[in-house]
Amino acid sequence: MHRSGTSAVAGAARLLGADTPVTILPPAADNPSGFFEAFAVMGVNDWILSEAGATWYDCLGFIGNQLEPHKHAMALALINLCLINEFPNASLLLLKDPRLCLLLEYWLPVLQASHIRPAALLVLRHPDEVAASLARRDICPAPVSAALWLHHMLTVEFATRRCPRAILAYDALLCDWRGSLTRAGDQAAISWPVAWDLVATAMRQYLDDGLRHHRRREAQSMIPIGAPQRWLNDAYQALLALADSDGDPRLLSRLDALRADFGRWCRQHGRPLTAALLDGHPMREQPIAQIPAEWERLASQLAQNVAGYPDGV
């Protein structure tokens, strides 16, 4: 989920030898250490969401497989173009964008068809802290932030069950980066190219706890979101436990039930909640990332020439 510490994990992976994209976003006031996201990755993901009538902040009605076949095939072609252009000589690709939480059913088939073995690092931060960070950056209403957190985290947990993966708690990363990243590498079958001792000083400086502006107190109450409020703590605790016991059938069953309950709520109340709280809101003015016009033209041609939508690209 956005504002969960994904940039901290991506920057740590870069120090350990992961290859960043060719064109990455520059640091900004809300993330002075850098995002490590590619303009092209964001553009492709925003294109897919836009074709489905969604944005990263207005996606509670988004269903990944709802694109019609030609657009679905175009999405796969765009992802392929993105990988070719952003990672031409990479051996350990650092692919980071919180939108991927919702879009892995597009990305995973292309990665696998390209003989790229995906390994997922899921970054877990308490939803109260995420909401506080989004409120500061985007003035995002807490109920929207909470619903977005549930949607992103429950979706990506399910989507990565067949991938080598690790769940990194943001708190644990800042307290013990070496232990957290060693464990993540072991769990996700990632061989970090750079030795720990070579990056220890840079890592301590990079994972500066002083850059963390929002810290939840244990006595703090959960976000007052309404009906989904009861799922927030259950989902967080289940994901936190899964970080140490991935594959535990009881935890996976609990997350399945939470995802089903939230999904039913979301289909009925998600879009009305977003409309009520974000209509006329400054977030509606946020620009979406763009893809090159030539990419869209080429992807459309490729989609027309490939038989057997949507798996033929």
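Check the entry above for the structure.
Residues numbered from 1 in each chain as written. Predicted model: local features only at pLDDT ≥ 70, side-chain atom pairs only at ≥ 80, totals over all residues. Heavy atoms only, no water.

**What to know about unusual backbone geometry**
Basically, it comes down to this: Secondary structure elements follow DSSP: runs of H or I of four or more residues count as helices, runs of E of two or more count as strands, with numbering from the N terminus.
Within the chain, H115 stands out as a residue other than glycine whose phi angle is a positive 60 degrees. Within the element layout of this structure, H115 appears in the loop between α4 (100-113) and β1 (120-124). Of note, the phi angle at I139 is positive, near 55 degrees, even though the residue is not glycine. By secondary structure assignment, the location of I139 is in the loop between α5 (127-138) and α6 (142-159).

**A few points about helix α2 (residues 39-51)**
Because an α-helix packs 3.6 residues into every turn, residues spaced three or four apart end up facing the same way. The condition that has to hold: A helix is expected to span 1.5 Å multiplied by its residue count minus one. Think of it in three bands: with a 1.4 Å probe and only protein chains considered, a residue is buried below 20% of the maximum accessible area for its type, exposed above 50%, and partly exposed in between.
A rise of 1.5 Å per residue sets the reference length of α2, with its 13 residues, at 18 Å; its end C-alpha atoms lie 18 Å apart and thus fit the reference within 8%. Burial within α2 is extensive, with ten of its 13 residues counted as buried. Residues of α2 that are buried include every one of A40, V41, M42, G43, V44, N45, D46, W47, I48 and L49, and no others. Backbone geometry just downstream of α2 places G53 in the positive-phi region, at approximately 75 degrees.

**Regarding the packing of aromatic side chains**
Formally: Two rings belonging to Phe, Tyr or Trp (six-membered ring only in the last case) form a pair when the distance between their centres is within 6.5 Å. Interplanar angles under 30 degrees mark stacking, angles over 60 mark edge-to-face geometry, and anything in between is tilted. Charge over a ring is defined by NZ of Lys or CZ of Arg lying within 6 Å of the ring centre and within 35 degrees of the ring normal.
Taken as a whole and assessed by the stated rule, the structure comprises five aromatic pairs. Centroid distance W56 to Y57: 5.6 Å. Interplanar angle 90 degrees. Geometry classified as edge-to-face. Y57 matches W56 in its accessibility class, with the two residues each being buried. Through a chain of ring-to-ring contacts, three or more aromatic side chains come together here, namely W231, F262 and W265. If you follow R259 out to its NZ or CZ, it ends over the ring of F158, 3.9 Å from the centre.

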